[in-house]
Each structure stands twice: as C-alpha cells, then as structure tokens.
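# Geometric and topological summary
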Amino acid sequence: MKNDLRTLIQFPQIEKITTIKTYNETEIIFFEGEMPHYFYLLLDGFVKVYKTDHKCNEIVLHNFAPITFIAEMASIENFKFPASSVALTPCKIALIKKDEFIAILQTNPEISFLLTKSLTRKIKALEGLLNRSLIFDATTTIASYIYHNEELFKTKKNKVIASELNITPETLSRVLKKLKDLKILDNESNIIDKNKLEVLLNF
C-alpha cells in the first residue's frame, strides 16, 4: 500500500474507528480551548485555523488543503486546541477516534510513518512561514504563497489573502500585476509559467 495519507482510512483497523463528516462553508470544526476527541483528516475542501485576540481580531495561523491532518499535535499530546478551525469551503473530514488511533500508532509502524510524514510537512510549512515573515520581500512572499497554495489562491478573495500575509490589499494588487506583466500569471491569476515562479523564489 502506498505511503500516503490518502490510504490511511483504507486500513481496516482505521476504517473501524473513523466517521466521515461533511462540513458546510463557514461551519466551525472545533473551537480553541476544546479537548480533542478525534484526529481530523481533511479529505476534501479547504480549512482555516485561526486565533482571536483580545480585540476580537482574527489572526490566521494556517490554511489547510487536502489531504492533511489538522491540529494533530493537540490530539497526540492530549491538550486543548490552541486555536479554532473553520471550513473555508464545503469540506469532508475523516474523524478518527483519538484514543484508539494512538493505540494503533504504537503497534503499527506503517501507519505511524504516515503520521510522521504529516508532521514533517507541518515543519516545512512553518519554515516557509518564517521565511515569508523574516526574509522575503512582498513579491517573494506573494509568489511563495501562490506556489504552495495554488488551488486555495484561486478560491480566496484578495482582501483575505492580504490579511493572511500581513500586507495591504494595494500591495497585493501591485505584485499580482507585476507577476502578470512577467507572464507568470494570466489575467485570471492562474499560473502559466511555474518555472519562472520557481526562479523568482530561488533568486
């Protein structure tokens, strides 16, 4: 069986402890401060994890595209969710019973390896976030976002993306025009030359 999260719920012992749930757009998946009872495996759609500050401002921590676990560290370590999660689009999530899944992880190396790969990808995403925050200029920040979130980028409004990247909508519009002038994006902001985009990121 291929080592991919797509195959996880095909394992008979995982299938027995899994419920597939559909969420509507804007529906809350879990709230900050709740104790996890499941592992959440995003199968379809897009999900946002965010915190709210003391002024009720929303701080986006990460957007998730399938197929990936959401906030699995809280489930592994059995602590309260440090942030809330909401469906950005209609989505489908596999709810895997926490205690039973942890017991399986302790005895099944193949399944344990799939979870390890998921955590490794999260570390890589965190490195990307640090690069965008500390190293990249606005053009590289936006180019990196598009490169790593191509499908999500197509579905989200520019105002929302600008907020997530901590830049102004005007800066985002200016950079998108630049990428179109460079023939990296078309007029609908679809990637038309991924090689040029990669060169820009590695410059």
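In case you missed it, the structure is sitting above this.
Residues numbered from 1 in each chain as written. Predicted model: local features only at pLDDT ≥ 70, side-chain atom pairs only at ≥ 80, totals over all residues. Heavy atoms only, no water.

Before going further, it helps to examine the overall build of the protein. Scanning the protein from N- to C-terminus turns up 9 helices and 8 strands. The C-alpha radius of gyration of the protein comes to 18 Å, within 12% of the 17 Å expected for a compact globule of 203 residues. Overall, the protein is about 55 × 45 × 30 Å in size when its C-alpha atoms are taken along their principal axes. Counting across all 203 residues of the protein, residues that qualify as buried make up 39%. Entry remark: accessible area of the protein is about 11700 Å², with carbon and sulfur atoms responsible for 53%. Averaging the coordinates of the 27 positive side-chain charges in the protein and doing the same for the 25 negative ones gives two points 2 Å apart. (Helix = DSSP H or I, 4+ residues; strand = E, 2+ residues; numbered from the N terminus. Rg over C-alpha atoms; globule rule 2.2 N^0.38 Å. Buried < 20%, exposed > 50% of the residue type's maximum accessible area, 1.4 Å probe, protein only. Areas by Shrake-Rupley, 256 points an atom, 1.4 Å probe, with all protein chains shown as cover. Lys, Arg positive; Asp, Glu negative; His and termini not counted. Charge placed at Lys NZ, Arg CZ, Asp CG, Glu CD.)

So, on to the sheet that holds strand E1 (residues 18–23). Spatial strand order, E1-E8-E3-E6: 4 strands in an open sheet with antiparallel pairing. Lying at the two open borders of the sheet, with one neighbouring strand each, are E1 and strand E6 (68–70). Here the strands of the sheet are splayed against their neighbours by 35° on average, with no regard to which way each runs. Relative to strand E8 (residues 91–97), E1 is paired through 6 bridges, and the arrangement is antiparallel. Counterpart to Thr22 in the pairing with E8 is Lys92. Sitting on the sheet, helix H3 (residues 98–105) touches strand E3 (38–44), E6 and E8, and the angle it makes with E8 is about 70°. (Pairing = 2+ DSSP bridges. Axes fitted to C-alpha atoms, helices over the stretch in contact; angles between N-to-C directions. Contact = heavy atoms within 4.5 Å.)

Quick look at the pattern of salt bridges now. Working definition: two side chains of opposite charge can pair if their charged atoms are close together. Under the counting rule described, the total for this entry stands at 5 salt bridges. Residues Lys194 and Glu150 are paired through a salt bridge, measuring 3.6 Å at the closest nitrogen-oxygen approach. Of this pair, Lys194 sits in helix H9 (residues 194–202) while Glu150 sits in helix H6 (residues 150–155), placing them 44 residues apart in sequence. Residue Glu150 is classed as partly exposed on the basis of its relative accessible area, which comes to 23%. Across the pair Glu151 and Lys154 runs a salt bridge whose closest N-O atoms are separated by 3.7 Å. Of this pair, Glu151 and Lys154 both sit in helix H6, 3 residues apart, which is roughly one turn of that helix. Residue Glu151 is classed as partly exposed on the basis of its relative accessible area, which comes to 48%. (Salt bridge = Lys/Arg side-chain N within 4 Å of Asp/Glu carboxyl O.)

Attention now moves to the sheet that holds strand E4 (residues 47–52). Within the open sheet, the 4 strands sit side by side as E2-E7-E4-E5. Their pairing is antiparallel. Both edges of this open sheet fall to strand E2 (28–30) and strand E5 (58–64), since each of them pairs with a single strand only. The sheet shows a mean angle of 30° between the axes of neighbouring strands, direction not considered. As paired strands, E4 and E5 are joined by 6 bridges and run antiparallel to one another. Within E5, the residue paired with Tyr50 across the bridge is Val60.

Before going further, it helps to examine the environment of Thr155. The residue Thr155 is located in helix H6 in this model. Through-space distance from the C-alpha of Thr155 to that of Thr89 is 8.8 Å; in sequence the pair is 66 residues apart.

Ranked by internal contacts, the top residues of the largest apolar core, which has 19 residues, are Ile142, Ile146, Leu176 and Leu185. Other than its neighbours up to four places away in sequence, Leu176 contacts Ile142, Ile146, Phe153, Asn158 and Leu185. Formed by 17 residues, the second largest nonpolar core is a distinct cluster that contains Leu8, Ile14, Ile17 and Ile67. (Core = buried A, V, L, I, M, F, W, Y, C linked by side-chain atoms within 4.5 Å.)

Function cannot be inferred from these measures alone, as they are strictly geometric.
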